[in-house]
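Remarks on the overall topology
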Amino acid sequence: MTIRAGVVAVQGDVSEHADAIRRAAASHDETAEVVEIRQSGVVPDCDLLLLPGGESTAISRHLQREGIAPEIVDHVDAGKPVLATCAGLIVASADPNDDRVMSLDLVDVTVERNAFGRQADSFEAPLDVAGLDEPFPAVFIRAPLIDSVGDAEVLAEWDGRAVAVRDGPVVGTSFHPELTDDYRIHDLAFFESVARA
């Protein structure tokens, strides 16, 4: 079976995410056709979506300007999965704590941008993630902090703070799962726990 995976290609590690999706699909004897999303009209044909990191203000403005934002909301309303990482989580959050970010309001959390520090403060940490048997090597780069969690389920914490959540078909992470050879977060978001439409 071939699934169509859309990666919002405004900023961020697009090729790394595409590789992780392909590897996760292959582990289930499926093929992922990855398409890059830069304008409207692509999302409706996708089975799953990925919203990478970058600069949350620029990403949110692009999604609104190009008409991609309402298509992503419709995708989630249809029960189709999304993985939102780092700045992608900020854009997907209910409250990004920044008036410059036009929220998609997909994940019932409040976030604080760059809460883990500047680029120089980047670090890797082994995370216990709900649904994974072994710790995940999470890479934090200018990562947002999940300040408060509403109806979302906390999947992982670091130092007592939520860094991965699930809200319906959307998984959001403060960290960058694509920057390792470990595709289990993509697998968890897209193939393991969410029933595809």
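Report follows, based on the coordinates. Computed from a predicted structure; not experimentally measured.

1. Some thoughts on helix H5 (residues 184–192)
With 7 of 9 residues buried, H5 lies mostly within the body of the structure. Turning to H5, its buried residues are Ile185, His186, Asp187, Leu188, Ala189, Phe190 and Phe191.

2. Let's talk about the sheet that holds strand E5 (residues 93–95)
Pairing in this open sheet of 3 strands is mixed, and the strands run E5-E6-E9 from one edge to the other. This sheet does not close on itself; its edge strands, each paired only once, are E5 and strand E9 (145–149). Along the sheet, successive strands turn relative to each other by an average axial angle of 55 degrees, direction set aside. Summarising the sheet, E5 and strand E6 (residues 107–112) pair through 2 bridges and their orientation is parallel. Residue pairing across strands places Asp95 opposite Thr110, the latter belonging to E6.

3. Examining the environment of Leu89
Counting through the fold element by element, Leu89 comes out in helix H4 (residues 87–92). Taking C-alpha positions, Leu89 is 15 Å from Ala9, a pair spaced 80 residues apart along the chain. Leaving out residues up to four positions away in the same chain, Leu89 has contacts with Ala84, Val109, Val111, Ile146, Gly172, Thr173 and Ser174.

4. A word on the sheet that holds strand E4 (residues 82–85)
Overall, mixed pairing links the 7 strands, which are arranged E2-E1-E3-E4-E12-E11-E10 in an open sheet. The open sheet terminates on both sides in strands that have one partner only, identified here as strand E2 (31–37) and strand E10 (153–158). The sheet shows a mean angle of 20 degrees between the axes of neighbouring strands, direction not considered. Both strand E1 (residues 2–8) and strand E3 (residues 48–51) contribute to a ladder of 3 bridges, which runs parallel. The residue of E3 that forms the bridge with Gly6 is Leu49. Strands in contact with helix H1 (residues 14–26) are E1, E2, E3 and E4; relative to E2, the strand with the most contacts, it is inclined by about 160 degrees.

5. Considerations on the nonpolar core
Counting residues in hydrophobic clusters, the biggest one holds 33 residues, and the most contacted among them are Ile21, Leu127, Val129, Phe140, Phe175 and Phe190. The residues touching Val129, leaving out its near neighbours within four places in the chain, are Phe136, Leu155, Ala156, Ile185 and Leu188. Core analysis: the second largest hydrophobic core is formed by 32 residues, Val35, Cys46, Ile68 and Val107 among them.

6. Description of the packing of H1 against H5
In a packed pair of helices, the relevant descriptors are the angle between the two axes and the axis-to-axis distance. For the pair H1 and H5, the least separation of the axes is 9 Å and the interaxial angle reads 60 degrees. With respect to their mutual orientation, H1 and H5 come out oblique. Here H1 and H5 pass one another in a crossing that is right-handed. Two secondary-structure elements touch here, H1 through His17, Ala20, Ile21, Ala24 and Ala25 and H5 through His186, Asp187, Phe190 and Phe191.

7. Some words on the packing of aromatic side chains
Aromatic rings in a pair are described by how distant their centres are and how their planes are angled relative to each other. Overall, the coordinates contain 5 aromatic pairs when judged by the stated rule. Through a chain of ring-to-ring contacts, three or more aromatic side chains come together here, namely Phe123, Phe136, Phe140, Trp158 and Phe175.

8. Quick word on the side chain of Ser60
Relative to the assigned elements, Ser60 resides in helix H2 (residues 56–65). A polar side-chain atom of Ser60 sits 3.0 Å from the main-chain carbonyl oxygen of Thr57. Not counting the four nearest positions on each side in its chain, Ser60 is found in contact with Val91, Arg100, Val101 and Met102.

Basis of the calculations
- Residues numbered from 1 in each chain as written.
- Predicted model: local features only at pLDDT ≥ 70, side-chain atom pairs only at ≥ 80, totals over all residues.
- Heavy atoms only, no water.
- Buried < 20%, exposed > 50% of the residue type's maximum accessible area, 1.4 Å probe, protein only.
- Helix = DSSP H or I, 4+ residues; strand = E, 2+ residues; numbered from the N terminus.
- Pairing = 2+ DSSP bridges.
- Axes fitted to C-alpha atoms, helices over the stretch in contact; angles between N-to-C directions.
- Contact = heavy atoms within 4.5 Å.
- Core = buried A, V, L, I, M, F, W, Y, C linked by side-chain atoms within 4.5 Å.
- Parallel < 35°, antiparallel > 145°, perpendicular 65-115°, else oblique.
- Left-handed = near helix turned anticlockwise from the far one by under 90°.
- Phe/Tyr/Trp six-rings, centres within 6.5 Å; stacked < 30°, edge-to-face > 60°.
- Polar contact = N/O pair within 3.5 Å; in protein donor to acceptor, adjacent residues only side chain to side chain.

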